[in-house]
Amino acid sequence: MIPIKRKSSKQVYMKINKLHKFYGENFSTIFKSITFDNGNEFSKHTDIELRPGTKKKRTFVYFGRPYHSCDRASNENCNGLIRWFIKKGIDIYKNDKEK
């Protein structure tokens, strides 16, 4: 889980690139596709699909239908698991070094 301070497309794009840097050449194998909801923070989806600075595809981006959480079932399950350990109202940035 990577916390994002602001819900902006630039922040999401930068964090995806950070993941790509961490996983290196394995990124495309691990993240064959990414399914987003329809928030504005995913407006750079075409840039996210491509490797930074190239036209080479690194993953496929899909969008779930509005109000259909079943389109993103693994994400909803993961959210439930996160909420098991991190209750609402807890500051997840407390240990974040990028403040």
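Residue numbers restart at each chain and count upward from 1, following the sequence in its written direction. Reporting in this predicted model follows two pLDDT cut-offs: at least 70 for local features of residues, and 80 or more for side-chain atom pairs to be given and counted; totals over whole chains, interfaces and linings ignore these cut-offs and use all residues. For side-chain calculations, the full set of non-hydrogen atoms in the structure is used, while hydrogens and water are omitted.

Caption draft 1: The overall build of the protein, seen in detail. Secondary structure assignment for the protein yields four helices and two strands. The secondary structure elements of the protein, listed N-terminal to C-terminal, are α-α-β-α-β-α. Taken along the three principal axes of its C-alpha coordinates, the protein extends 40 × 35 × 25 Å. For the protein, restricting intrachain contacts to residue pairs at least 6 apart in sequence, the fraction spanning at least 24 positions comes to 62%. We get accessible surface area from the Shrake-Rupley algorithm with a probe of 1.4 Å; when it comes to residues, only the shown protein chains can shield them. A total of about 7,800 Å² of accessible surface is found on the protein, and carbon and sulfur atoms cover 56% of it. Note on conventions: DSSP H or I runs of at least 4 residues are helices, E runs of at least 2 residues are strands, and numbering of each starts at the N terminus. The contact rule is simple, with two residues in contact once any of their heavy atoms fall within 4.5 Å.

Caption draft 2: Looking closely at the environment of Gly 80. As for its position among the elements, Gly 80 is in helix α4 (residues 73–85). The cut-offs for exposure are 20% and 50% of the maximum accessible area for each residue type, with area from a 1.4 Å probe on protein chains only; residues under the lower value are buried, those over the upper are exposed, and the others partly exposed. Classification of Gly 80 by relative accessible area gives partly exposed; the value is 43%. Taking C-alpha positions, Gly 80 is 30 Å from Glu 25, a pair spaced 55 residues apart along the chain.

Caption draft 3: Structural context of a nonpolar patch on the surface. Put simply, a patch holds well-exposed residues, over 30% relative accessible area, that have no salt bridge, with like charges counted together within 9 Å and Val, Leu, Ile, Met, Phe, Trp or Tyr side chains within 5 Å. For this document, the term salt bridge refers to a Lys or Arg side-chain nitrogen within 4 Å of an Asp or Glu carboxyl oxygen. Nonpolar side chains collect at one region of the surface, where Phe 22, Tyr 23 and Ile 30 lie side by side and expose about 330 Å² of accessible area between them. Looking at where Tyr 23 falls in the secondary structure, it is placed in helix α1 (residues 9–23).

Caption draft 4: Here's a closer look at the side chain of Ser 9. Relative to the assigned elements, Ser 9 resides in helix α1. For Ser 9, the side chain forms a polar contact with the side chain of Ser 43, separated by 3.5 Å. In protein, a polar contact requires one atom able to donate a hydrogen and another able to accept it; more generally it is a pair of N or O atoms within 3.5 Å, and residues adjacent in sequence count only if both atoms are side-chain atoms.

Caption draft 5: Quick peek at α1. Compared with the 21 Å implied by 1.5 Å per residue over 15 residues, the 21 Å span of α1 between its first and last C-alpha is a close match. Those residues of α1 lying buried are Ser 9, Gln 11, Val 12, Tyr 13, Lys 15, Ile 16, Asn 17 and His 20. Along its buried surface, α1 packs onto α2 (27–30), β1 (33–36) and α3 (45–49). Residue Gly 24 follows α1 closely and has a positive phi angle near 60°. A helix's residues, less one, multiplied by 1.5 Å, set its expected span.

Caption draft 6: Looking closely at the layout of surface pockets. Throughout, the protein atoms alone are placed on a 1 Å grid, and a set of points is a cavity if a 1.4 Å probe fits but cannot get out or a pocket if it is open with protein on both sides within 12 Å along at least five of seven lines; lining residues have an atom within 4 Å of a point. Grid points are joined across faces, edges and corners, and a volume is the space filled by probe spheres set on the points. The volume enclosed by the largest pocket comes to roughly 1,500 Å³. Every residue lining the largest pocket is counted, 36 residues in all, and those nearest its centre are Met 1, Ile 2, Ile 4, Asn 75 and Asn 79. Among the secondary structure elements, those contributing two or more residues to the lining of the largest pocket are α1, β1 and α4. Looking at the lining of the largest pocket, the element that brings in the most residues is α4, giving six residues. Just so you know the grouping, Ala, Val, Leu, Ile, Met, Phe, Trp, Tyr, Cys and Pro go in nonpolar, Asp, Glu, Lys and Arg go in charged, and all remaining residues, Gly too, go in polar. Among the residues making up the lining of the largest pocket, the classes are represented as 19 nonpolar, six polar and eleven charged.

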